[in-house]
2 protein chains.
Amino acid sequence: MEIKNIKCPLEITHNIINGKWKISIICLLKNSVMRFNELQKALPEIQKSYLTQQLKELEEYGIVHRQAYLEVPPKVEYSLTEIGNEFLKVMDVMNRWGEYYIKHIERK
Amino acid sequence: MEIKNIKCPLEITHNIINGKWKISIICLLKNSVMRFNELQKALPEIQKSYLTQQLKELEEYGIVHRQAYLEVPPKVEYSLTEIGNEFLKVMDVMNRWGEYYIKHIERK
DNA sequence: CAGAATCCCCGTCGATACTG
DNA sequence: CAGTATCGACGGGGATTCTG
């Protein structure tokens, strides 16, 4: 995947988490290497085909590392790359603002 | 607009910037009160109707304040609320990660 | 000037079936 | 086990026209 029309760095960050399940996937891969099946069990609502697609996009963006073992039955492990781990910090800031936001609107 | 199915604060933050022009709008309102027309001129690619919609969503989320003056011709000013201003910090972190990301992929 | 209303395309996303 | 392939619904969002 080519990076399309880089307007500003903010747009890139926005694009990367664009997709219904990207954030959840990155959350799951925090501190753990997971196999395809494990991801599927952890996200029962997401279809296999779409999970595959989202993982592929994250891999192409360089956020997720895909380690395939040439075995039968096949075994594939997903983990965060270095820059993927850096992204956790961004998600942490987003999460904290979300908490602040919830408290803020509950006060009214 | 009701907050739909709050799963985690992260999802809320994600939802709020979901929409093609939300980020740009918030960027523009940083440090300035703007009229509808000014926003339109600053974002020539976005259609009026859609700009209206995006602004309304941001207002319902409490990110943007809409000040309408009962004049003829009408005059409406948009600005960031307190929590909208707090959100700028999140966008700043996203922006910095984006810069880091660009440098990171250029090195390859 | 600042919208509201309408129409419609297309990308996202879901469901099912098949494969190495 | 870990995918592909295919089809189709839905809604985001673009363009145009109308209104107070």
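Data block above holds the structure.
Residues numbered from 1 in each chain as written. Chains lettered and ligands numbered in written order. Predicted model: local features only at pLDDT ≥ 70, side-chain atom pairs only at ≥ 80, totals over all residues. Heavy atoms only, no water.

**Regarding helix H1 (residues 9-16) of chain B**
Within H1(B), seven of the eight residues are buried, which leaves the element mostly enclosed by the surrounding structure. Residues Pro9(B), Leu10(B), Glu11(B), Ile12(B), Thr13(B), His14(B) and Ile16(B) constitute the buried set of H1(B). Where H1(B) is buried, its residues touch helix H2 (22-29) and helix H5 (82-106) of chain A together with helix H2 (22-29), helix H4 (48-60) and helix H5 (82-106) of chain B. (Buried < 20%, exposed > 50% of the residue type's maximum accessible area, 1.4 Å probe, protein only. Helix = DSSP H or I, 4+ residues; strand = E, 2+ residues; numbered from the N terminus. Contact = heavy atoms within 4.5 Å.)

**Considering the protein's contact with DNA strand D**
Arg35(A), Arg66(A), Tyr78(A), Lys20(B) and Tyr50(B) are the nearest of the 20 residues found near DNA strand D. In the interface set of DNA strand D, defined as its atoms within 4 Å of the protein, sugar plus phosphate atoms amount to 70%. Pro74(A) is positioned such that a nitrogen or oxygen atom in its backbone is 3.2 Å from a sugar or linking oxygen of DNA strand D. Tyr78(A) is positioned such that a nitrogen or oxygen atom in its side chain is 2.8 Å from a phosphate oxygen of DNA strand D. Those elements that provide at least two residues to the surface near DNA strand D are helix H3 (36-42), helix H4 (48-60) and strand E3 (75-80) of chain A together with H4 of chain B. (Near = heavy atom within 4 Å. Polar contact = N/O pair within 3.5 Å; in protein donor to acceptor, adjacent residues only side chain to side chain.)

**Concerning the packing of aromatic side chains**
Across all of its chains, the model carries four aromatic pairs over all chains by this definition. Each ring, one from Trp97(B) and one from Tyr101(B), has its centre 5.2 Å from the other, and the planes form 20 degrees; the classification is stacked. With Trp97(B) and Tyr101(B) both in helix H5 and four residues apart, the pair spans about one turn of that helix. According to the relative accessible area criterion, Trp97(B) is buried, its value standing at 4%. Taken together, the ring pairs connect Phe87(A), Trp97(B) and Tyr101(B) into an aromatic cluster. Here Lys75(A) stacks its cationic end above the ring of Tyr69(A), 5.0 Å away from the centre of that ring. (Phe/Tyr/Trp six-rings, centres within 6.5 Å; stacked < 30°, edge-to-face > 60°. Lys NZ or Arg CZ within 6 Å of the ring centre and 35° of its normal.)

**Observations regarding the protein's contact with DNA strand C**
DNA strand C sits among 19 residues. The nearest are Gln47(A), Tyr50(A), Asn37(B), Arg66(B) and Tyr78(B). Among the atoms of DNA strand C lying within 4 Å of the protein, the sugar-phosphate backbone contributes 69%. Between DNA strand C and Gln47(A) there is a distance of 2.6 Å, counted from a phosphate oxygen to a side-chain nitrogen or oxygen. Asn37(B) is positioned such that a nitrogen or oxygen atom in its backbone is 2.9 Å from a phosphate oxygen of DNA strand C. Elements that contribute at least two residues to the surface near DNA strand C include exactly H4 of chain A together with helix H3 (36-42), H4 and strand E3 (75-80) of chain B. Among the elements that take part in the surface near DNA strand C, H4(B) stands out by supplying four residues, more than any other.

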